[in-house]
Amino acid sequence: MRTQRFSIISRFGPYLFFALYAVIGLFLFNDYGCGPDEGMERQTSLVNFRYVIETLQIPVPESTTTWLAYLPDLHEYRDRYYGIALHFPLVVIESLFNFQMQPIEFYSLRHFYTFLNYFIAMICFYRLLLFRFKAVHWALLGTLMVILTPRFFAESFYNNKDILFFAWYIISLAFILRWFHTKSYKNAAFTGIILAFTCNTRLNGIVFYPLIIAFVFLEFVNQKRISKQTLVSVLFLFLVSASVFYIITPNFWEHPIQTALETFAFNRRHPNHGSTGNLFLGKLVDTTQVWYFIPVWITITTPFIYLFYSGIGFFIVLWQQVKNRFIKFQNFSELMDLFVISSGFLPIIVIIAFDVIIYNGWRHCYFAYSAIVYLAVAGIVRISRGSDNPSFWQSAKKVGLILSLVLSFGFNVIWIWVNHPYEYVYFNPFARKYSVYFSGDYWGVASRDLLQYIIDHDSRPQIIIDHSYTQAGSINRGLLAESDRARINLVYEKENADYILFSRDDKKPEEANIPGFEKIFSIQVDDDEIGIVLRKTGNE
């Protein structure tokens with residue numbers, strides 16, 4: 001009977017799990033404010049859309065042509081080197097409504113779409129873990145660990161750059177390892193397509209290509225031979241990927257080789273937004289000069305129990321690879337382990353070693369989180385294994401494992417519930433009291449609720465707000481009702497302002513003490529005031 005119940009859970013549990021997660025996402029996707037990158041991604045998509053319809057001479061209504069005429073030409077556009085393939089369908093949807101959608105409508109659509117991509121990635125991550133650990137409960141456990149990571153939980157709705165790349169990084173991993181297991185042309189085609197979209201989303205995805213070549217070589221070392229099928233499949237995968245990338249990247253259409261070189265050059269000389277503006281350990285630092293910037297951020301913003309089991313998993317896998325001299329595989333699982341670790345940590349080593357420009361916490365390195373959780377599951381599986389002669393310590397070990405996971409998940413759920421929708425400023429309990437020494441709401445996402453507070457408590461027909469202390473005042477103004485938007489006049493100076501919007505992005509708390517203004521409202525997460533409304537003194 002017990003075996004039958006377990007079989008039913010294994011069969012239907014995943015469907016119930018993802019159905020519940022989908023329902024939660026549908027209820028929450030409209031709760032979050034916007035960051036400035038959402039507006040920039042939309043504009044980049046629109047510029048590409050104009051280029052596509054003009055180049056391919058696609059007939060569109062005259063009103064659409066007139067509306068798009070105000071956009072710059074793609075080849076003169078500053079951000080033309082950023083891929084927009086995943087965002088393109090959203091612009092097409094807007095065009096179906098003659099670009100008459102209200103900001104609250106198209107940004108809500110984008111939040112839903114970002115979550116949809118993330119949701120698909122979680123299914124792929126589940127399938128990846130199931131293939132590796134051969135048990136539904138381990139696969140669901142690892143997937144739940146990602147979903148209940150507070151920062152990722154929030155950003156899965158509005159971070160349409162880093163989380164979107166993280167999602168497609170996971171999808172790429174799942175398809176690449178599926179191809180390694182069965183090198184059919186069908187798998188090669190699907191993998192090539194997925195990789196093209198991943199690289200279009202962020203050029204960092206190019207790391208998968210040398211990894212594929214390296215692991216094909218390792219297979220050759222293990223098997224002492226390489227089949228014609230493997231060579232043809234690799235070439236086919238790369239050809240499909242290059243072709244699809246070219247098709248979905250309009251900026252490459254006219255001069256692909258020249259544009260490719262320009263794109264790499266652009267990424268090398270990318271403006272160093274992290275040179276003076278990242279609050280780290282209480283100081284504004286240049287992230288390229290602090291090698292431990294990423295490791296510290298990962299450590300303080302990841303639930304501690306995840307790090308603990310990930311560390312155990314890392315040493316278990318590392319020891320196995322050392323015994324194999326990193327070139328021998330006893331089975332396919334060992335190849336999977338090394339590939340996942342390599343895809344997660346080698347890029348971070350490169351970023352640290354070559355002083356690659358990053359900023360805003362570790363969001364540019366979110367792709368590594370799949371490897372962190374993968375290793376955590378590996379550690380948990382190893383610990384949970386019993387011996388042929390169960391002892392008291394074996395039982396105690398399992399009880400401790402279960403208790404630690406239940407407590408961790410429980411605390412995460414409670415914390416998310418209490419601090420929703422500001423989960424994106426999560427610090428684990430060991431770092432929480434030091435959160436004010438690090439970047440907080442670096443995108444100013446909470447500005448939406450700061451503006452709503454002013455609207456709800458000030459009935460005047462015209463309200464002047466200084467939004468120079470936040471990055472997202474303008475875009476979040478668009479999320480208000482149309483009648484409320486008309487009442488707000490956003491300015492970049494405080495002399496004539498009635499209010500100030502203050503985001504504790506890379507600013508220290510004391511910087512909110514602005515002469516002539518008083519704090520009347522704040523959004524607080526734990527002990528950190530991440531957003532503040534300041535009113536001109538005497539302006540009541």
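I will try to describe carefully the structure that is included in this document. (Residues numbered from 1 in each chain as written. Predicted model: local features only at pLDDT ≥ 70, side-chain atom pairs only at ≥ 80, totals over all residues. Heavy atoms only, no water.)

## Quick word on the overall build of the protein
Then comes step 1: Helix and strand counts for the protein come out as 20 helices and seven strands.
Then comes step 2: A compact globule built from 540 residues would reach a C-alpha radius of gyration of about 24 Å, and the protein, at 25 Å, matches this within 12%.
Then comes step 3: Dimensions of the protein along its principal axes, counting C-alpha atoms only, are 75 × 65 × 50 Å.
Then comes step 4: Expressed as a percentage of the 540 residues in the protein, the buried residues total 56%.
Then comes step 5: A sequence separation of at least 24 residues applies to 76% of the contacts in the protein between residues at least 6 apart.
Then comes step 6: Within the structure as shown, the protein displays about 25000 Å² of accessible surface, and the carbon and sulfur contribution to it stands at 63%.
Then comes step 7: The average position of the 45 basic charges and that of the 42 acidic charges among the side chains of the protein differ by 15 Å. (Helix = DSSP H or I, 4+ residues; strand = E, 2+ residues; numbered from the N terminus. Rg over C-alpha atoms; globule rule 2.2 N^0.38 Å. Buried < 20%, exposed > 50% of the residue type's maximum accessible area, 1.4 Å probe, protein only. Contact = heavy atoms within 4.5 Å. Areas by Shrake-Rupley, 256 points an atom, 1.4 Å probe, with all protein chains shown as cover. Lys, Arg positive; Asp, Glu negative; His and termini not counted. Charge placed at Lys NZ, Arg CZ, Asp CG, Glu CD.)

## Things to note about a nonpolar patch on the surface
Then comes step 1: On the surface, a cluster of nonpolar side chains totalling about 730 Å² of accessible area is made up of L403, L407, F411, I414, W417 and V418.
Then comes step 2: Residue placement: V418 occurs in helix α17 (residues 392-419). (Patch = residues over 30% accessible without salt bridge, like charges linked within 9 Å, V, L, I, M, F, W, Y side chains within 5 Å. Salt bridge = Lys/Arg side-chain N within 4 Å of Asp/Glu carboxyl O.)

## Focus: the sheet that holds strand β5 (residues 499-503)
Then comes step 1: Spatially, five strands are ordered β4-β3-β5-β7-β6 in an open sheet, and the strand pairing comes out mixed. Where the open sheet ends on each side, the last strands, each with one partner, are β4 (488-491) and β6 (517-525). Taking the axes of each pair of neighbouring strands and ignoring which way they run, one obtains an average angle of 25° across the sheet.
Then comes step 2: With four bridges joining them, strand β3 (residues 463-469) and β4 adopt parallel strand pairing. Paired with I464 across the bridge in β4 is N489. (Pairing = 2+ DSSP bridges. Axes fitted to C-alpha atoms, helices over the stretch in contact; angles between N-to-C directions.)

## Some thoughts on the packing of helix α16 (residues 369-384) against α17
Between two packed helices, the angle of one axis relative to the other and the distance separating the axes together describe the packing.
Then comes step 1: Between α16 and α17, the least distance of the axes is 9 Å, while the angle of their chain directions is 150°. With respect to their mutual orientation, α16 and α17 come out roughly antiparallel. Counting all contacts with α16, which are made through I380, I383 and S384, the residues of α17 involved are K397, K398, L401 and L405.
Then comes step 2: In terms of residue class, the contact of α16 with α17 is built from four nonpolar, one polar and two charged. (Parallel < 35°, antiparallel > 145°, perpendicular 65-115°, else oblique. Nonpolar A, V, L, I, M, F, W, Y, C, P; charged D, E, K, R; others polar.)

## Section: unusual backbone geometry
Then comes step 1: The omega angle of the peptide bond from H420 to P421 is 5°, so this bond is cis rather than trans.
Then comes step 2: Within the secondary structure, P421 is located in the loop between α17 and α18 (447-457).
Then comes step 3: Here the phi dihedral of D526 falls at roughly 55°; this positive angle occurs in a residue that is not glycine.
Then comes step 4: Its place among the elements puts D526 in the loop between β6 and β7 (528-536).

## Side note on the pairing of β7
Then comes step 1: Counting buried positions along β7 yields seven of nine residues, so the element is predominantly enclosed.
Then comes step 2: Direction of pairing for β5 relative to β7: antiparallel, over a ladder of five bridges. Each bridged residue has a counterpart across the sheet, and for L501 the counterpart in β7 is V533.
Then comes step 3: By the bridge criterion, eight bridges tie β6 to β7 in an arrangement that is antiparallel. In the sheet register, S522 faces β7, and the bridge partner there is I532.
Then comes step 4: Once β6 ends, the chain turns through two residues before running back antiparallel as β7, passing D526 with a positive phi of about 55°.

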